[in-house]
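# Report on the structure
Chain by chain, the residues:
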Amino acid sequence: PWGRVTTKSVPSGGDVSSPLVGGAGIAVSPATGNVFNVNTGDESVTVLDGDSEGILANIKLGTDPFPIAIDGTRNAVYVGLRAVGRVVKIVDTY
């Protein structure tokens, strides 16, 4: 069914009026079903269990995390750190 099933509190996504916030900050791993939510304002990513909807981890990443991509064949999650021009790789073992 369509519609909201549950809501989970996660750290700050940042000031939504800022042009530096928004976009593709959430992704689902096809391999594990885990949901990864980028929290730009908290400089972290929250890992949620796609089945139980529980929070598995909150991972500190560094300055200005924003874009996220998942490689399901390698079970890897990549998050870009815009302010420093780097990419963080997270192995999805949660």
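Here is a short report on the structure shown in this document. Treat the numbers as computed from the prediction; the structure is a model and nothing was measured.

Moving on, we get to the side chain of T40. When you line up the elements, T40 lands in the loop between strand 2 (35–39) and strand 3 (44–48). T40 sits in the buried class, given a relative accessible area of 13%. At 2.9 Å, the side chain of T40 forms a polar contact with the backbone oxygen of P65.

Let's shift gears to the pattern of salt bridges. With the rule as written, the count across this model stands at three salt bridges. Note that K60 is salt-bridged to D42, the shortest N-O span being 3.3 Å. In this pair, K60 sits in strand 4 (residues 55–60) while D42 sits in the loop between strand 2 and strand 3, placing the two residues 18 residues apart along the sequence. Using a relative accessible area of 22% as the deciding quantity, one classes D42 as partly exposed.

A few words now on the sheet that holds strand 6 (residues 76–81). Pairing in this open sheet of three strands is antiparallel, and the strands run 5-6-7 from one edge to the other. The open sheet has two edge strands, strand 5 (65–71) and strand 7 (86–91), and neither has a second partner. For this sheet the average axis-to-axis angle between neighbouring strands, irrespective of direction, equals 25°. Across five bridges, strand 5 lies against strand 6 in antiparallel orientation. Directly across from I70, in strand 6, lies its bridge partner V77.

What counts as what
Residues numbered from 1 in each chain as written. Predicted model: local features only at pLDDT ≥ 70, side-chain atom pairs only at ≥ 80, totals over all residues. Heavy atoms only, no water. Helix = DSSP H or I, 4+ residues; strand = E, 2+ residues; numbered from the N terminus. Buried < 20%, exposed > 50% of the residue type's maximum accessible area, 1.4 Å probe, protein only. Polar contact = N/O pair within 3.5 Å; in protein donor to acceptor, adjacent residues only side chain to side chain. Salt bridge = Lys/Arg side-chain N within 4 Å of Asp/Glu carboxyl O. Pairing = 2+ DSSP bridges. Axes fitted to C-alpha atoms, helices over the stretch in contact; angles between N-to-C directions.

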